[in-house]
Amino acid sequence: MASFSCSIAALFFSISLLLASSAANFNQDFDITWGDSRAKILDNGELLTLSLDKASGSGFQSKKEYIFGKIDMRLKLVPGNSAGTVTAYYLSSQGPTHDEIDFEFLGNLSGDPYTLHTNVYSQGKGDREQQFRLWFDPSADFHTYSILWNPRGIAFSVDGTPVREFKNMESIGVPYPKNQPMRLYSSIWNADEWATRGGLVKTDWTQAPFTTSYANFKADACIWSSGKTSCGSLASSGNAWLSQELDATGLERMKWVHSNHMIYNYCTDAKRFPQGFPPECKATPS
């Protein structure tokens, strides 16, 4: 009996090790899609780096497709003079009517703040940009960037602080991403024609290679495979994040971000929308 108990204990220990090792492993969860040796998976799958030089950038994508999820990733952005570079980190489906949920990090000169650029596409339509200055140096250490996507809405968060919410407003005719499974993508590339001060500051290639690092990927998500979701019936899936919305504390923290760190909001750009703002702007917190 003692040996049987030890065997069971050893089995559970082995399973726990397996689960721990597979919880966040870039070798298991992602494919390098371009950039050759500029993209590297290191430290037994616990670290991934993407680099940009004058010849090329690099990128990766998740092996799995998701239909709703809470995605967390820790990123450490390009340090020093990152002007002209863009690190994109986003969920996207494919095709001309694709859905997309974007984080983009626009580089800047040493000492100047990064610009955090966000956007939401639904059925091929985007143009819903909001931009922020981060309240810390995102190149000095890793920080967690999260996307919560469920049938009720989309929330972008930085280190647990909500910076943006895009609610499901199909009731007023606004298309919402809910039917197309999306993969997680990230890439680093040169966009010096527009990324830094509208293209006035160009990439200084003497500073290359420019490198962004990734760690601690986590996805609480409904996996899409063979036309089915791993969550089965969403109503009975038992996943609390599927019905999660920003609470009063989250809304207050987002209001602080908007008041102190927002630098662009399409919902207040009257020159861009002379015929009137998009309908979702009437219900978007500002």
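Note that the structure is a prediction, hence the values are computed from the model and not measured. Here the residue numbers are simple positions, counted from 1 along each chain's written sequence. Selection of residues for local features in this predicted model requires a pLDDT of at least 70, selection of side-chain atom pairs for listing and counting requires 80 or more, and totals for whole chains, interfaces and linings are taken over all residues. As a rule here, side-chain values cover all heavy atoms of the structure and leave hydrogens and water aside.

Engineer: Even after reading the chapter, I still don't get the overall build of the protein chain, so can you show me in this structure?
Structural biologist: Counting from the N terminus, the helices are the DSSP runs of H or I reaching at least four residues and the strands are the DSSP runs of E reaching at least two. A tally of helices and strands in the protein chain yields 3 helices and 16 strands. Exposure is judged per residue with a 1.4 Å probe applied to protein chains only, and the accessible area is read against the type maximum: over 50% gives exposed, under 20% gives buried, and values in between give partly exposed. Taken over 286 residues, the protein chain has a buried fraction of 48%. Each accessible area is a Shrake-Rupley estimate made with a 1.4 Å probe; only the visible protein chains count as cover when residues are assessed. Only carbon and sulfur atoms are counted for the fraction: they give 53% of the accessible area of the protein chain, which is about 13,800 Å².

Engineer: Where do I start with the pattern of salt bridges in this structure?
Structural biologist: Each reported salt bridge corresponds to a side-chain nitrogen of Lys or Arg within 4 Å of a carboxyl oxygen of Asp or Glu. One pass over the full model with this rule turns up 10 salt bridges. Ionic pairing is found between K218 and D220, a salt bridge with its closest N-O pair at 3.9 Å. Sharing partners across several salt bridges, the network here consists of D127, E129 and R272.

Engineer: Sorry, what's going on with unusual backbone geometry here?
Structural biologist: Keep in mind that most residues, glycine aside, have a negative phi and that most peptide bonds are trans. Of note, the amide linkage connecting A208 to P209 takes the cis form, showing an omega dihedral of 5°. Examined against the element boundaries, P209 turns out to sit in the loop between β13 (183-190) and β14 (210-225). Non-glycine residue D43 carries a positive phi angle of around 50°. Mapped onto the elements of the fold, D43 is located in the loop between β2 (39-42) and β3 (47-52). The residue D159 is not glycine, and still its phi comes out positive at about 50°. Note on placement: D159 falls in the loop between β11 (153-158) and β12 (161-167). Given a relative accessible area of 35%, D159 falls into the partly exposed group.

Engineer: For this particular structure, what's the right way to read the nonpolar core?
Structural biologist: Nonpolar side chains in soluble globular proteins tend to end up buried together. Among the nonpolar cores identified, the biggest contains 57 residues, and M73, Y89, L91, F105, Y145, W149 and I154 are the most heavily contacted of them. At 6 residues, the largest contribution of residues to this core is made by strand β5 (residues 65-76). Sequence-distant contacts of Y145, defined by excluding residues within four places in its chain, comprise I71, D72, M73, L75, Y89, F103, F105, L134, F136, P138, S157 and V158. For this analysis, a nonpolar core means a set of buried residues of the types Ala, Val, Leu, Ile, Met, Phe, Trp, Tyr and Cys, connected via side-chain atoms within 4.5 Å. Note on definitions: a residue-residue contact is assigned when non-hydrogen atoms from the two residues lie within 4.5 Å.

Engineer: Teacher, can you tell me more about the state of the cysteines here?
Structural biologist: Cysteine sulfur atoms that pair up within 2.5 Å are treated as a disulfide. Inspection of the entire model under this criterion finds 2 disulfides. The connectivity of the disulfide-linked cysteines in the protein chain, indexed sequentially, is 1-2, 3-4.

Engineer: I keep staring at the environment of P278 and nothing clicks. Help me out?
Structural biologist: Within the element layout of this structure, P278 appears in the segment after β16 (262-265). Sequence separation of P278 and Y266 is 12 residues, and the distance between their C-alpha atoms is 9.0 Å. Apart from residues lying up to four places away in sequence, P278 is in contact with Y266 and F273.

Engineer: Can you walk me through helix α3 (residues 248-261) in this structure?
Structural biologist: Side chains three or four residues apart in an α-helix point the same way, a direct result of the helix having 3.6 residues per turn. Taking 1.5 Å of rise per residue, the 14 residues of α3 would be expected to cover 20 Å, and the 20 Å separating its terminal C-alpha atoms lies within 8% of that figure. Every buried residue of α3 is accounted for by G250, M254, V257, H258 and H261. Projected onto a plane normal to the axis of α3, the buried residues spread over an arc of 110° and lie on a single side. Residues of α3 that are exposed and angled more than 90 degrees away from the buried face: A248, T249, E252 and S259. Contact partners of the buried residues in α3: β9 (130-133), β12 and β16. N or O atoms within 3.5 Å of each other form a polar contact, as long as, within protein, one can give a hydrogen and the other can take it, and as long as residues adjacent in sequence are counted only when both atoms are side-chain atoms. For α3, the side-chain oxygen to backbone nitrogen distance between the N-cap and T249 is 3.2 Å, and the N-cap itself is D247. To estimate how far a helix should extend, the number of its residues minus one is multiplied by 1.5 Å. Working definition: the arc comes from the directions between the helix axis and the C-beta atoms, pointing outward to the latter.

Engineer: Before we go on, may I ask you to explain the pairing of β5 in this structure?
Structural biologist: Looking along a regular strand, one sees side chains alternate from face to face of the sheet. Two strands make a pair as long as DSSP finds a minimum of two bridges between them. As paired strands, β5 and β14 are joined by 9 bridges and run antiparallel to one another. In the strand pairing of β14, K70 is matched with D220. Across 7 bridges, the pairing between β5 and strand β10 (residues 143-150) is antiparallel. Within β10, the residue paired with G69 across the bridge is W149.

Engineer: Quick question: what am I supposed to make of the sheet that holds β13 here?
Structural biologist: Taken together, the 8 strands give an open sheet; going across it, the order is β1-β4-β13-β6-β7-β8-β9-β16, and neighbouring strands pair in antiparallel fashion. Of all the strands in the sheet, the pair left with one neighbour each is β1 (30-34) and β16. Between one strand axis and the next, the sheet turns by 15° as a mean value, whatever way the strands run. By the bridge criterion, 4 bridges tie strand β8 (residues 115-121) to β9 in an arrangement that is antiparallel. Interaxial angles span 0 to 180 degrees and are taken between N-to-C directions of axes, which are lines fitted to C-alpha atoms, for helices over the stretch in contact.

Engineer: Would you explain the packing of aromatic side chains in this entry?
Structural biologist: Here a ring pair, both rings aromatic, is described through the centre-centre distance and the interplanar angle of the planes. Whether two aromatic rings pair depends on their centres lying within 6.5 Å, for rings of Phe, Tyr and Trp, where Trp uses its six-membered ring; planes under 30 degrees apart make the pair stacked, over 60 edge-to-face, and the rest tilted. Enumeration according to the criterion identifies 18 aromatic pairs in this entry. Taking the centre distance of 5.7 Å and the plane angle of 15° together, the rings of Y89 and F103 count as stacked. Taken together, the residues span a long stretch of sequence, with Y89 in strand β6 (residues 85-92) and F103 in strand β7 (residues 100-106) at a distance of 14 residues. Residue classification places Y89 among the buried residues on the basis of a relative accessible area of 0%. Their ring planes at 70° and their centres at 4.9 Å tell us that F105 and Y145 sit as a pair that is edge-to-face. A residue pair is termed long-range when its members are at least 10 positions apart, and F105 in strand β7 and Y145 in strand β10 qualify at 40 residues.

None of the figures reported here should be taken as evidence of function without further support.
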